[in-house]
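Take a look at the letters that make up each chain.
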Amino acid sequence: EGWKGDTEKERVCVRWKSRGVRAGAARRASVPRADGSIGAGEKIRVAEDESLREGALSFVGHRMRIYSGSSNPQLAEDVAKYVGKRGTNKILRKSFADGELYVRLEDSVRGCSVFIVQSTCRPCNDTLMELLLMIDACRRAHASQITAVIPYYGYARADRLIDPDKRRREALTSKLVANMLSEAGVDRVVVLDIHSPQTCGFFDIPVDHIYASPVLVEYLKRVKSTDDFVVVAPDVGGVARARALAKALDDAPLAIIDKRREAHNEAKVLNLVGSVDGKTAVIVDDMIDTAGTICAGASMLRANGASKVYAAATHAVFSGSAVERLSSGVFEEVIVTDTIPIEPEKHFEQLKIVSVAGLIGETLWRLQELYMR
């Protein structure tokens with residue numbers, strides 16, 4: 001038994017008679033012949049029956065539910081359509097007059113594999129709390145598996161107990177959030193380009209860390225020949241990410257910006273390691289927050305002879321004066337993904353948005369297959 005996709009929205013169930021038929025395996029997921037038999041190796045298309053119309057995708061007796069939080073409903077819809085559903089499942093989300101949140105599932109999830117898509121972006125405290133409530137609602141409704149899909153994982157930057165420069169004690173918020181998700185009842189977490197990969201070690205449950213570099217590389221290859229690229233890491237901590245992107249861009253050369261961070265959201269660019277003279281520089285980072293660091297780096301690259309400068313980042317946080325800095329003309333293009341929805345007033349001419357719905361959808365599909373084993 002296996003699943004294959006003829007298109008993004010259509011899946012095919014392949015059933016081999018020689019492997020036998022498990023009890024209830026063909027329920028709603030196959031269309032037997034008139035005599036009730038199923039031919040060896042015969043492809044049977046999933047019927048558009050009532051269960052699919054209600055949003056449940058049946059696979060060997062199991063069903064898949066995809067719920068969206070309020071942070072990024074369009075991305076969740078695209079992910080749901082990628083795996084063959086008509087959209088996300090219905091959920092009621094509201095807040096009371098005093099700001100308390102309320103969540104109620106509109107469908108039964110008993111025995112279902114549930115995927116909750118929610119970025120913990122602005123307002124980060126509300127979206128995080130809403131995610132916890134959705135997990136708790138699914139757990140109390142007897143879902144068989146609960147997976148939290150967090151395209152943008154907030155609080156990942158608070159991953160240290162002691163600041164090495166100021167010797168100042170800080171809350172280990174990243175670990176706290178991991179504990180909260182586990183205690184709420186989630187069975188697995190899917191994150192995308194998390195700020196600090198070591199945060200995955202804070203969880204005592206399985207964590208799937210996926211990367212947005214394939215969609216960024218695909219876009220960059222359409223824009224310009226890779227022979228002219230040099231990939232730039234905005235700091236020493238981003239060298240591994242930049243090296244991976246450079247390798248995907250046909251082993252493009254690598255450069256590193258040396259900077260010093262004196263306070264949160266404040267950094268000073270000092271030196272450039274590597275050559276960008278006459279090249280098209282691509283600064284790659286996991287997120288763009290206030291854009292101070294990446295814009296200062298772009299100015300340094302142009303001063304060192306870069307012919308063009310592109311910015312490529314996964315998460316478009318865009319806080320403070322980020323839009324004004326990015327649209328000042330220092331970049332040819334600013335390429336981001338749709339992990340965080342960008343308000344219309346924050347769009348500018350150089351901004352290009354690529355979707356990660358396919359990456360997330362493929363991950364969820366493979367996890368669903370894993371759950372069915």
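Scroll up a little and you will see the structure.
Residues numbered from 1 in each chain as written. Predicted model: local features only at pLDDT ≥ 70, side-chain atom pairs only at ≥ 80, totals over all residues. Heavy atoms only, no water.

A.B. asks: Got a sec to walk through the pattern of salt bridges? Specific residues and values, please.
C.D. replies: Evaluated as defined, the whole model comprises eleven salt bridges. A salt bridge links Arg104 to Glu106; its shortest N-O distance comes to 3.4 Å. Classification of Arg104 by relative accessible area gives partly exposed; the value is 39%. Salt bridges linked by common partners bring Asp136, Arg139 and Arg140 together as one network. (Salt bridge = Lys/Arg side-chain N within 4 Å of Asp/Glu carboxyl O. Buried < 20%, exposed > 50% of the residue type's maximum accessible area, 1.4 Å probe, protein only.)

A.B. asks: Describe the packing of aromatic side chains, naming the residues involved and giving the relevant values.
C.D. replies: For the structure on display, the rule yields four aromatic pairs. Ring geometry for Phe96 versus Tyr102: centroids 6.1 Å apart, planes at 70°, classification edge-to-face. According to the relative accessible area criterion, Tyr102 is partly exposed, its value standing at 28%. (Phe/Tyr/Trp six-rings, centres within 6.5 Å; stacked < 30°, edge-to-face > 60°.)

A.B. asks: Outline helix α4 (residues 173-184), supporting the account with residue identities and numerical values.
C.D. replies: The terminal C-alpha atoms of α4 lie 16 Å apart, and with twelve residues this matches the ideal 16 Å at 1.5 Å per residue to within 8%. Three or more residues of α4 are buried, namely Thr173, Ser174, Val177, Ala178, Leu181 and Ala184. Down the axis of α4, the buried set is contained in an arc of 145°. They therefore lie on one face. Buried residues belonging to α4 abut α3 (124-140) and β9 (145-150). In the stretch just after α4, Gly185 is the one whose phi turns positive, near 120°. (Helix = DSSP H or I, 4+ residues; strand = E, 2+ residues; numbered from the N terminus. Expected span 1.5 Å × (residues − 1). Arc of directions from axis to C-beta. Contact = heavy atoms within 4.5 Å.)

A.B. asks: Run through the side chain of Thr363, naming residues and quoting values.
C.D. replies: Its location among the elements puts Thr363 in helix α9 (residues 357-371). Within the structure, the side chain of Thr363 is placed 2.9 Å from the backbone oxygen of Leu359, a separation counted as a polar contact. Residues in contact with Thr363, not counting those within four places in the same chain, are Val190 and Ile210. (Polar contact = N/O pair within 3.5 Å; in protein donor to acceptor, adjacent residues only side chain to side chain.)

A.B. asks: Tell me what's going on with the nonpolar core, and back it up with residues and numbers.
C.D. replies: One finds Ile66, Phe115, Val231, Leu249, Ile360 and Leu364 to be the most contacted residues of the largest nonpolar core, which totals 43 residues. Here the element with the most residues in this core is α9; it accounts for six residues. Those residues in contact with Ile66 that sit more than four places away from it in its chain are Ala80, Val83, Lys85, Thr88, Asn89, Phe115, Val117 and Leu364. One finds Met134, Leu181, Val191 and Ile194 within the second-largest nonpolar core, a separate group that totals 32 residues. (Core = buried A, V, L, I, M, F, W, Y, C linked by side-chain atoms within 4.5 Å.)

A.B. asks: Describe helix α7 (residues 292-303), with residues and values.
C.D. replies: Under the 1.5 Å per step criterion, the end-to-end length of α7 is 17 Å for twelve residues, consistent within 8% with the ideal 16 Å. Residues Thr293, Ile294, Cys295, Gly297, Ala298, Met300 and Leu301 constitute the buried set of α7. Two residues or fewer after α7 comes Gly305, characterised by a positive phi angle close to 100°.

A.B. asks: Break down the packing of α3 against α4 for me, citing the residues and quoting the values.
C.D. replies: Across the interface, α3 lies against α4 with an axial gap of 8 Å and an inter-helix angle of 25°. As summarised for this structure, α3 and α4 are arranged roughly parallel, according to the angle between their axes. Contact residues: α3 offers Leu128, Leu131, Leu132, Ile135, Asp136 and Arg139, while α4 offers Val177, Met180, Leu181 and Ala184. Of the residues belonging to the contact of α3 with α4, the class tally is eight nonpolar, no polar and two charged. (Axes fitted to C-alpha atoms, helices over the stretch in contact; angles between N-to-C directions. Parallel < 35°, antiparallel > 145°, perpendicular 65-115°, else oblique. Nonpolar A, V, L, I, M, F, W, Y, C, P; charged D, E, K, R; others polar.)

A.B. asks: How would you explain the packing of helix α2 (residues 73-82) against α9 if you had to name every residue and give the values?
C.D. replies: Relative to each other, α2 and α9 sit at 50°, their axes nearing to 8 Å. Viewed along their axes, α2 and α9 adopt a mutual orientation that is oblique. Like other packed secondary-structure pairs, α2 and α9 cross with a definite hand, here right-handed. Here Leu75, Asp78, Val79 and Tyr82 of α2 lie close against α9, whose contacting residues are Ala357, Gly358, Ile360, Gly361, Glu362 and Leu364. (Left-handed = near helix turned anticlockwise from the far one by under 90°.)

A.B. asks: Requested: an account of the pairing of strand β16 (residues 308-316), with residues and values cited.
C.D. replies: Within β16, eight of the nine residues are buried, leaving the element largely enclosed by the surrounding structure. The pairing of strand β15 (residues 280-288) with β16 spans eight bridges and is parallel. By the bridge assignment, Asp285 is partnered in β16 with Ala313. Direction of pairing for β16 relative to strand β17 (residues 333-337): parallel, over a ladder of three bridges. Counterpart to Tyr310 in the pairing with β17 is Glu333. (Pairing = 2+ DSSP bridges.)

A.B. asks: Break down unusual backbone geometry for me, with residues and values.
C.D. replies: Here the residue pair Arg122 and Pro123 is connected by a cis peptide bond, since its omega of -5° sits within 30 degrees of zero. Structurally, Pro123 is set in the loop between β8 (113-117) and α3. A positive phi angle is found at Asp251, which is not glycine, with a value near 55°. Mapping Asp251 onto the fold places it in the loop between α6 (239-248) and β13 (254-263). The class of Asp251 is exposed, set by a relative accessible area of 60%. Backbone geometry places Phe318, a non-glycine residue, at a positive phi of 50°. Looking at the element boundaries, Phe318 is found in the loop between β16 and α8 (322-326).

A.B. asks: Talk me through the environment of Val334; I want residue IDs and the actual numbers.
C.D. replies: Note on placement: Val334 falls in strand β17. Along the chain, Val334 and Ile283 lie 51 residues apart, while their C-alpha atoms are 9.6 Å from each other. Leaving out residues up to four positions away in the same chain, Val334 has contacts with Ile288, Ala311, Leu326, Phe348, Gln350, Leu351 and Lys352.

A.B. asks: I'd love a proper account of the side chain of Thr314, names of residues and values included.
C.D. replies: Here Thr314 lies in strand β16. What makes Thr314 buried here is its relative accessible area of 2%. Ignoring anything within four residues of it in the chain, the contact list for Thr314 reads Leu192, Asp193, Ala212, Leu216, Asp285, Asp286, Val336, Thr337 and Thr339.

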